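Coordinate analysis (summary)
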Amino acid sequence: MASNNVISNLIKKEIENYDKNIKTDDVGSVISVGDGICTIYGLDKAMYGELLVFPNDIYGMVMNLNEDSIGAVILGNENGVYEGDVVKRTNRVVSVKVGESLLGRVVNALGEPIDGKGEIVSDIYLPIEQDAPKIMDRQSVNEPLETGIKAIDSMIPIGKGQRELIIGDRQTGKTAIAIDTIINQKGKDVICIYCAIGQKNSTIAQIVEKLKAYDALDYTIIVNASASESAPMLYVAPYAATSMGEYFEKQGKDVLIIYDDLSKHAVSYRALSLLLKRSPGREAYPGDIFYLHSRLLERACKLSDEKGGGSITALPIVETQAGDISAYIPTNVISITDGQIFLSTDLFNAGQRPAIDSGLSVSRVGSAAQIKAMKQVASNIKIQLASYQELLDFSRFGSDLDQVTKNILAHGASLMEVLKQKQYSPLSMEDEIIDIYIAQSSLLDDAKKEDIHKVLKLTHSYLTTNNNEVFEDIKKNKILNDTIKDKITKACISVKEGLNNE
């Protein structure tokens, strides 16, 4: 009897101490896997965009919610995922590490370092997909984002918070414009993010070296989803890069993001959609291909002062085939953005660098993103170049030209030459204004083509030595008064006379 009492007392004690909190995990199992796509059974409560955990610390993202299964994409290497594997929910959407510690680093689409410089220390994570700021939380674009490229800052100005498309055939200098713009942000307190989608790793290595050489890597984050990575990583990359930018934007800082390029992004999404058995539409793209880029680019804006006044300026890049800007993806992105910089193969082959076609390029923000001095000198450049191109075609017939036509052709030719610029040599706004003022004053119309850049360079040297206050005045007052104009004109004439006497 005594032993029975002891046993019953032990049982009572165990029952009292029993932990009533039963732990449950929402788990499913892999039905099929292939090409980076997983079909999973059993995760009935999974959310769209939710992060899933596979064995061996492999992650996935929910992309399809079917009646009896879910479709997920594997983020990274799929080799460790097999049929029958247990999949766990995380109850959170795919997020990326953000913060100051990412500056100067090269990371993959999930924010993990791939530059061999060790771990990135940050406890802050943001979802890769976030709602775009509401209309009332924005303000109009009114502050210039200086690219340092004369042709852009004068004719197609970009403002902080704008979305300006860079479009053109391959090998026409699209990435060169983007990299020059990043280099030009040195000392301007702008955070830069370069998001490479489907580029070669060797190309990214060259870009990293160039940014390092021009001291631009310290304020830049490079997000690399290279051509060797899976389609899901290419799909995630631009959204992750934008979340990294939004962290700084919410602190009231200005951010520049380059998406290089969105045509490869669209191709990766098409591959995912077809593998997930979504209905194909035009050119086999899914029906929501427009929403793919609109929800991305709408996140770029200038926030109102009440929200901190930060901004994200987006420079998406799209590649065309044989200059066809009426193709599906180019027209989609053109309709979403606030203008486009069109790079022409013909101009590039003719030696005009950057090869910007002023007729097809436009900024819908326009002169609102220019200082007054630039408006003064650049207001009618596009019209003059349009007249020049029209008369140039006419003059090729070899007919006799009157003096007025000759003057327009000479002025247009000198203007085109002034707008030429070497790569990795962005100019300050003051230097750009002086160059364009000299060209617009017809001071170079009678100069030899090969002497134009020599005249400009010597004029800058002359002003630096004798009238350095010209640069300071333009920088401070942001206007060209008659005194400054006279000093620039006299300096240019003096330089030309010196060259003629040699």
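What this report covers is the structure whose coordinates are included nearby.

Overview of the overall build of the protein
Within the protein, the secondary structure is distributed over 16 helices and 16 strands. Each principal axis of the C-alpha atoms in the protein carries an extent, and together these give about 125 × 45 × 40 Å. For the protein, the proportion of its 502 residues judged to be buried stands at 51%. Contacts in the protein between residues far apart in sequence, at least 24 positions, make up 73% of those at least 6 positions apart. Carbon and sulfur atoms form 51% of the exposed surface of the protein, whose accessible area is close to 23,700 Å².

Some details on the pattern of salt bridges
With the rule as written, the count across this model stands at 21 salt bridges. With its nearest N and O atoms 3.2 Å apart, the salt bridge here joins glutamate 143 to lysine 160. Taken as a pair, glutamate 143 in the loop between strand S9 (125-127) and helix H2 (150-155) and lysine 160 in the loop between H2 and strand S10 (165-168) lie far apart in primary sequence, 17 residues in all. Lysine 496 is paired through a salt bridge with aspartate 446; the nearest N and O atoms lie 2.9 Å apart. Taken together, the residues lysine 496 in helix H16 (residues 482-501) and aspartate 446 in the loop between helix H13 (429-440) and helix H14 (452-466) connect sequence positions 50 residues apart. When its relative accessible area of 17% is taken as the criterion, lysine 496 is described as buried. Put simply, Arg138, Arg163, Glu298 and Asp338 are held in one network by salt bridges that share partners.

Structural notes on helix H4 (residues 201-213)
Since the α-helix packs 3.6 residues into each turn, any two residues three or four apart lie on the same face. Here H4 is 13 residues long and its end C-alpha atoms lie 18 Å apart, about the 18 Å a rise of 1.5 Å per residue gives. For H4, the complete set of buried residues consists of Ile204, Ile207, Val208 and Leu211. The buried residues of H4 occupy an angular sector of 100° when projected down its axis, which confines them to one face. H4 presents Gln206 and Ala213 as exposed residues on the side facing more than 90 degrees away from its buried surface. In this structure, the buried side of H4 is in contact with strand S8 (106-107), helix H3 (174-183), strand S11 (190-197) and strand S12 (220-225). Backbone geometry just after H4 places aspartate 215 at a positive phi near 55°.

Rules of the game
- Residues numbered from 1 in each chain as written.
- Predicted model: local features only at pLDDT ≥ 70, side-chain atom pairs only at ≥ 80, totals over all residues.
- Heavy atoms only, no water.
- Helix = DSSP H or I, 4+ residues; strand = E, 2+ residues; numbered from the N terminus.
- Buried < 20%, exposed > 50% of the residue type's maximum accessible area, 1.4 Å probe, protein only.
- Contact = heavy atoms within 4.5 Å.
- Areas by Shrake-Rupley, 256 points an atom, 1.4 Å probe, with all protein chains shown as cover.
- Salt bridge = Lys/Arg side-chain N within 4 Å of Asp/Glu carboxyl O.
- Expected span 1.5 Å × (residues − 1).
- Arc of directions from axis to C-beta.

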